[in-house]
Amino acid sequence: MDEKLISKKKPSFPITDKLKDYLKKYSRNVHMPVLYDDLLRYSGGIEVYDKSGVDTFWIRVYYSEFEREEIDRSLKRIYSILHADGSEDSIPFLNIDAVDFCTFGNSKPFRVKVRNILNDNYMYMYIKKADASRVYGLELEHLLSPDRINFLVYKDTIVEEHIQGIPGDVFMNEGYKNFSSRDQKQLSKEFVKFNERCIIRLLGDMRSYNYVIVPTHDFDQVQYRIRAIDFDQQCYEGKFKVYMPQFLKENNLFVQMVHENLHEQSINQYKIEERSAISKRILRVHDRVLHLLDCMSENAISTPEKVEQLKADLLVYTKDVKFKKCTSMGELLGVAFDFVVRNYENENHFLIH
């Protein structure tokens, strides 16, 4: 559990022309009135603390009076493009309450709080430096997870909607021992499925603060879902364990809860359920997934050394010799998807071919 799996920050990789064409085809590429670099022209900022007085590593930035009006209006228009049709009809009813900048992490995002002045409802959106790894991660999340995700790309800027939920570390630090037995079993089941989802799609670095817990009330119980919120480590690392949340020490409480609440037969059952669910999603959007993998195969989003290391690990894990011919992360992911779908189709004797 204490093995150091992630040693250095991941570099940012440029978006290729082929990926840009993909984003255009699926309406992810739009003109934006303000870019990430424009927001870096802030005049100053103050530290943001949480309710307990702990530093959040965000600073609330402010702009000179000379630029504030233009930036506010541009951010409102981006919000309209992201959540509506881009028209200016709603702009008079929007207010930019805060622009926060995070100096911690790879993407160094801006968090923008947008409020509707008619009813005081507000939403957040994030503006970040575009990175090909992150784009692939977001798109795969949209296609293959139980949840849809909204994001847009323009030149070197990416805009993402806020993913609501309780950070995993915050949620578990409240003390899962105090949760009911049913809630613990529900959370354990979801962690097993989330773990399997990350393995299949090679999404790395899912430490407890990189995903959120989403509770949903359903009749007389609460259902839980785990959603990733950080996609920088999509297909980058060479160590296969990086793509298994169970081996990251920050998830020890989740792993302990799984062992305390689920039998091995149940764990295997939930793994099969998740593999089957992902296989069905791959088959339903097969052409789009192939298009994305084609872009990824020609996009250098890792180093040759890491590709070779991951190839060797996947060969040991699956015994599938097709991994031997892979020369890129995109090809590795394509073979992994084929492996999962092939096993699903071979095991499911009720499919009509």
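Heads up: the structure comes first, above all this text.
Residues numbered from 1 in each chain as written. Predicted model: local features only at pLDDT ≥ 70, side-chain atom pairs only at ≥ 80, totals over all residues. Heavy atoms only, no water.

Trainee: Before we move on, can you summarise helix α7 (residues 252–261) with the specific residues and values?
Mentor: Listed in full, the buried residues belonging to α7 are F254, V255, M257, V258 and N261. Axial view of α7: buried residues confined to an arc of 160°, hence all on one face. Looking at the buried residues of α7, the elements they touch are α5 (168–173), α6 (181–201), β9 (211–218), β10 (221–228) and α8 (264–284). (Buried < 20%, exposed > 50% of the residue type's maximum accessible area, 1.4 Å probe, protein only. Helix = DSSP H or I, 4+ residues; strand = E, 2+ residues; numbered from the N terminus. Arc of directions from axis to C-beta. Contact = heavy atoms within 4.5 Å.)

Trainee: Tell me about the pairing of strand β2 (residues 55–62), and name the residues and values.
Mentor: With 6 bridges joining them, strand β1 (residues 44–49) and β2 adopt antiparallel strand pairing. Residue pairing across strands places Y49 opposite D55, the latter belonging to β2. Counting the residues that bridge the hairpin from β1 to β2 gives 5 residues, and of these G53 lies at a positive phi of roughly 80°. Pairing between β2 and strand β3 (residues 94–102): 3 bridges, direction antiparallel. Residue pairing across strands places W58 opposite C102, the latter belonging to β3. (Pairing = 2+ DSSP bridges.)

Trainee: Explain unusual backbone geometry to me, using residue names and the numbers behind them.
Mentor: Of note in the backbone geometry, D120 takes a positive phi value of approximately 65° without being a glycine. When you line up the elements, D120 lands in the loop between β4 (110–116) and β5 (122–129). Here the phi dihedral of L202 falls at roughly 55°; this positive angle occurs in a residue that is not glycine. Tracing the backbone shows L202 in the loop between α6 and β9.

Trainee: Summarise the sheet that holds β10; cite the residues concerned and give the values.
Mentor: Strand order in the open sheet formed by 3 strands is β8-β9-β10, with antiparallel pairing between adjacent strands. Each edge of the open sheet carries a strand with a single partner, namely β8 (166–167) and β10. Taken together, the 2 bridges between β8 and β9 define a ladder with antiparallel strand orientation. Looking at β9, one finds that I166 is bridged to I213. In the packing of α6 onto the sheet, contacts are made with β9 and β10, and the angle to β10 comes to roughly 25°. (Axes fitted to C-alpha atoms, helices over the stretch in contact; angles between N-to-C directions.)

Trainee: Got a sec to walk through the side chain of S145? Specific residues and values, please.
Mentor: By the secondary structure assignment, S145 is in the loop between α4 (132–144) and β6 (151–154). Separated by 2.6 Å, the side chain of S145 and the backbone oxygen of E141 make a polar contact. For S145, the contacting residues outside a window of four places in its chain are L140, R197 and R281. (Polar contact = N/O pair within 3.5 Å; in protein donor to acceptor, adjacent residues only side chain to side chain.)

Trainee: Now, about the nonpolar core: what can you tell me, with residues and values included?
Mentor: Ranked by size, the top nonpolar core spans 73 residues in total, and within it L19 and F337 carry the most contacts. Counting residues per element, this core draws most heavily on helix α11 (residues 329–347), at 8 residues. With residues up to four places along the chain from it excluded, the contact list for L19 reads A132, V135, Y136, L292, C295 and N299. Membership of the second largest hydrophobic core comes to 23 residues, among which are M32, V34, V99 and Y154. (Core = buried A, V, L, I, M, F, W, Y, C linked by side-chain atoms within 4.5 Å.)

By themselves, these observations are geometric and do not establish any function.
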